[in-house]
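Residue strings, one per chain:
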Amino acid sequence: MADKETTPPADVGGSSNAGGSLNFIHQIIEEDNKTGRFEGRVCTRFPPEPNGYLHIGHAKSICLNFGTARKYGGTCNLRFDDTNPEKEEQEYVDSIMNDVRWLLAGSASDGKPDPWDGLFYASDYFDQLYEWAVALTKKGKAYVCDLTPDQVRETRGTPNKAGENSPFRDRSVEENLKLLEGMKNGEFPDGARTLRAKIDMASPNINLRDPVMYRILRATHHRTGDQWCIYAMYDYAHGQSDSIEKITHSICTLEFEHHRPLYEWFIKELGIHAPQQIEFARLNLTYTIMSKRKLLRLVKDNHVSGWDDPRMPTISGLRRRGYTPESIRAFCERIGVSKYEGTIEMAWLEDALRADLNKKAQRRMAVLRPLKVVIDNYPETQIEELDAVNNPEYPSAGTRKVPFSRELYIEHTDFHENPPKGYFRLAPGKEVRLRWAYFLKCEKIIKDDAGNVIELRCTYDPTTKGGNAPDGRKVKGTIHWVSAHHAVPAEVRLYDHLCKVPFPEDVPEGQDFLVNLNPNSLEVVTAMLEPNLMNAAIGSSYQFERLGYFNVDKDSAAGKLVLNRAVTLADTWAKIEKKGK
C-alpha cells in the first residue's frame, strides 16, 4: 500500500537526478555494459496484458522502457501478454497500440534511432511454451495435479507455515506426460487439472510452492481462436517470452520482486537465455484510482462515460482531456525512478501540462458564466476590431482581431455588488480594464424579480483604448470579455479530480472506494467564446485567459462546439487544502 503521505520525486529525471547521477536501473545497465554481459546489447520490453486501457502508471513504464532503450542505442518490444482470453479483447489491444504511439510521438527529437522494435504477442509463443512445459515434465520438474483451485490455495500454506505436498506430486513422468497431452487435447473439463512446477512446498517464498503453470480453460482467444484449451499462467509465460525475444533487462514494478526467483528458476531449468529482472516502484497518484480492476468497475457501472472519460487516469482519458504526450513524458522524467513506494501529488502532473501548454497554446477569451454588459455611451452600430496577442510568451505567434461592440459578456464572478476589501474587479461606481480594450465603469445594476443581477449598464472611456489612460490614472483590475453579438456559444465541461480525497482507496471497513468519488468532478456550462474559436479543430488546445487550458472535444460537430477544461491556471486544490489546514 502506498504511504499516506505524498512523496517527492525520486530522481529529477528518468535517467539522472539533479546532480547528474544515474538512476539505479541505468547504473545496473552501465555496469552490465562494462562487464560485457549481453555483449553490450540493451533490449527492454513493455508487456501489457490487453484486459483494459493503459493509465498514467503504464505511461511511466512506457517512458522508462522505451527511454532506456533509446538512451543506450538499444531496442524495446511492445509485447501483449495475452494468456488470459477470458478478460482480453481486441479493443484493448487497439487502444494500447494507439496510446503507445501517441505517447512516444516526437520523443525521438534527440536524433537517436527509434527503439521500438516491432509488435509481439505471447500467443505467438504458445507452441514453444508448451514444448518447454513438456521438457520440464520429462525432467521431473513439473507434474499434473488434480486438486481444485480452492484445494491448491488451502494446501499452499502461509508465510509462517509450510505448504503441503499435493497427493499427485509423485506421479510418474510417463503418467504426467500422458495427462498433460490429454489436457492439451481437451480430454478433461475446465478446471479439472493443472500443470504445476515441482519446486519446494516448504520454500519461504510462497511463489516457489509448486506454482500452477497451465490451467484448462475453454475460452475463445482474440488471436488463436479455439485452437487451445489450456493456457499458461503469467508467471510461466512472462519470463520465457522475455527469453525468446532475447530481452536483456526485464524492468517491472515492485510487486514482482518476490516473483523473480520463480522467473529465474524456469529459465535456469530450461537452460535458455536469461534476462535480468529489475524492479522499480509503481506510480501512485493522489485524487485518482490506479487499479485497472477498479477502473473497469467505474466504466461498467457507468460512474464515468467510458475508458476515455476525461476524469479517468487512463492515457486515452488524459489525451481527451487535453494532456499532451510531451507533458506526460516531462512528468515521468521529473518524478524519476525509485525502489521505494510512495505517492506523487496530482499537482505535479497538472504543472507539467501547464508548462507545456503555456508554450504552445494560443490565448483566447471565453466567458463561462455570462453576465450581460451594455455600454451606454458606446455607439449602437459601431464595431471595432481590436488587436489581441496570441501568446505573450512567444511574440512570433502573432496577433488576432477581436470584435468589440456596445453589448458584451463578462464573467458573473467578475462583478460584485458589495465588494469586499481588496476586490479589484467590476463593482458599482468602480472602474476596470477590459483586456485589449478600454476602461469600463459600472453605472447601474439590473436585476430580475428574484433579485439576481442579470445586466449591467456601464460607460467606457474612449481615450483608454489598449488599456492605458492618458491622464495616468491606474486601474488595478483587468477582466476578459466577449462581444455579445459575435459570441459563439459552446458546451464547456469543467472537469475536476475523479476523487474528493487524496487517498481514495483508504476507506473505513465495510466501505469501498466509491464513497470517495468526487460528486463535483464534472460541471457543464454553456459558455460564450470569441468568434475566432468558431472553427476550432478537434483536439486543439487553447488558454482561455484567466480561466485555464481547454481542449476541443471529439463530441464537437458543425454548429456544436464542445470543450473540456484540461487544467486551471493555478492549483486551486492546493489552495483549498491550505485554507482547510
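All values reported here derive from a predicted model rather than from experimental measurement.

Scoring rules and cut-offs
Residues numbered from 1 in each chain as written. Predicted model: local features only at pLDDT ≥ 70, side-chain atom pairs only at ≥ 80, totals over all residues. Heavy atoms only, no water. Helix = DSSP H or I, 4+ residues; strand = E, 2+ residues; numbered from the N terminus. Buried < 20%, exposed > 50% of the residue type's maximum accessible area, 1.4 Å probe, protein only. Contact = heavy atoms within 4.5 Å. Lys, Arg positive; Asp, Glu negative; His and termini not counted. Charge placed at Lys NZ, Arg CZ, Asp CG, Glu CD. Salt bridge = Lys/Arg side-chain N within 4 Å of Asp/Glu carboxyl O. Phe/Tyr/Trp six-rings, centres within 6.5 Å; stacked < 30°, edge-to-face > 60°. Pairing = 2+ DSSP bridges. Axes fitted to C-alpha atoms, helices over the stretch in contact; angles between N-to-C directions. Parallel < 35°, antiparallel > 145°, perpendicular 65-115°, else oblique. Left-handed = near helix turned anticlockwise from the far one by under 90°. Nonpolar A, V, L, I, M, F, W, Y, C, P; charged D, E, K, R; others polar. Expected span 1.5 Å × (residues − 1). Arc of directions from axis to C-beta. Polar contact = N/O pair within 3.5 Å; in protein donor to acceptor, adjacent residues only side chain to side chain.

Draft legend 1. Molecular detail of the overall build of the protein chain. Helix and strand counts for the protein chain stand at 13 helices and 25 strands. Taken over the C-alpha atoms alone, the protein chain extends approximately 100 × 55 × 45 Å along its principal axes. Across the 581 residues in the protein chain, those meeting the buried criterion constitute 54%. In the protein chain, 72% of the contacts between residues at least 6 apart in sequence involve partners at least 24 apart. Separation between the mean location of the 78 positive side-chain charges and that of the 83 negative ones in the protein chain comes to 3 Å.

Draft legend 2. Highlighting the pattern of salt bridges. Scanning the model with the defined rule gives 47 salt bridges in all. When the shortest N-O distance is used, the salt bridge between Arg223 and Asp124 registers 2.9 Å. One end of the pair, Arg223, is in the loop between strand E6 (212-216) and strand E7 (230-232); the other, Asp124, is in the loop between strand E3 (116-121) and helix H4 (126-138), and 99 residues separate them in sequence. Of the charged contacts, one joins Arg320 and Asp555 as a salt bridge, the two residues approaching to 3.1 Å between their closest N and O atoms. Within this pair, whereas Arg320 is found in helix H10 (residues 315-321), its partner Asp555 is found in the loop between strand E24 (548-552) and strand E25 (561-568), the two being separated by 235 residues in sequence. Of the residues examined, Arg320 reaches a relative accessible area of 12% and is grouped as buried.

Draft legend 3. Representation of the packing of aromatic side chains. For the structure shown, the criterion picks out 17 aromatic pairs. Seen from their ring centres, Phe404 and Tyr438 are 5.4 Å apart, and the 55° between their planes marks the pair as tilted. One end of the pair, Phe404, is in strand E14 (residues 399-404); the other, Tyr438, is in the loop between strand E16 (431-434) and strand E17 (439-447), and 34 residues separate them in sequence. Arranged with centres 5.2 Å apart and planes meeting at 85°, the rings of Phe404 and Trp481 form a pair that is edge-to-face. Of this pair, Phe404 sits in strand E14 while Trp481 is found in the loop between strand E19 (478-479) and strand E20 (482-483), placing the two residues 77 residues apart along the sequence. Using a relative accessible area of 0% as the deciding quantity, one classes Phe404 as buried.

Draft legend 4. Spotlight on the pairing of strand E5 (residues 194-197). The side-chain alternation of E5 yields two buried faces, one formed by Thr194 and Arg196 and the other by Leu195 and Ala197. Of the strand pairs in this sheet, strand E4 (residues 142-145) and E5 are connected by four bridges, and their pairing is antiparallel. Paired with Cys145 across the bridge in E5 is Thr194. In this structure, E5 lies alongside E6, joined through three bridges in antiparallel fashion. Within E6, the residue paired with Leu195 across the bridge is Tyr214.

Draft legend 5. Representation of the sheet that holds strand E1 (residues 43-46). Read across the open sheet, the three strands follow the order E1-E2-E3; overall the sheet is parallel. The open sheet has two free edges, formed respectively by E1 and E3, since each of these has just one partner strand. Across the sheet, the axes of successive neighbouring strands diverge by a mean angle of 25°, strand direction being ignored. Strand direction decides the pairing type here: E1 and strand E2 (residues 75-80), joined by four bridges, are parallel. In the sheet register, Phe46 faces E2, and the bridge partner there is Leu78. On the sheet, helix H2 (residues 56-71) packs against E1, E2 and E3 and is oriented at approximately 160° with respect to E1. Taken strand by strand, helix H3 (residues 90-104) contacts E1, E2 and E3, and its axis lies near 155° from that of E2.

Draft legend 6. Molecular detail of the packing of H2 against H3. One can describe the packing of H2 onto H3 by two numbers: an axis separation of 11 Å at closest approach and a directional angle of 60°. Relative to H3, the element H2 is oriented oblique. As for how H2 packs across H3, the hand of that crossing is right-handed. Together, Ala59, Ile62, Cys63 and Phe66 of H2 and Val100, Leu103 and Leu104 of H3 make up the contact between the two elements. Along the lines of polarity and charge, the residues of the contact of H2 with H3 split into seven nonpolar, no polar and no charged.

Draft legend 7. Geometry of helix H1 (residues 24-35). Between its terminal C-alpha atoms H1 stretches 17 Å, which fits the 16 Å expected from 12 residues at 1.5 Å a residue. Ile25, His26, Ile29 and Asp32 are the residues of H1 that are buried. Buried residues in H1, looked at end-on, bunch into an arc of 115°, giving them a common side. Residues of H1 that are exposed and point over 90 degrees away from its buried face: Lys34 and Thr35. Residues of H1 that are buried sit in contact with H2, strand E8 (249-253) and strand E9 (276-280). Its side-chain oxygen at 3.0 Å from the backbone nitrogen of Ile25, Asn23 defines the N-terminal cap of H1.

Remember that the coordinates give geometry; whether it matters functionally is a separate question.
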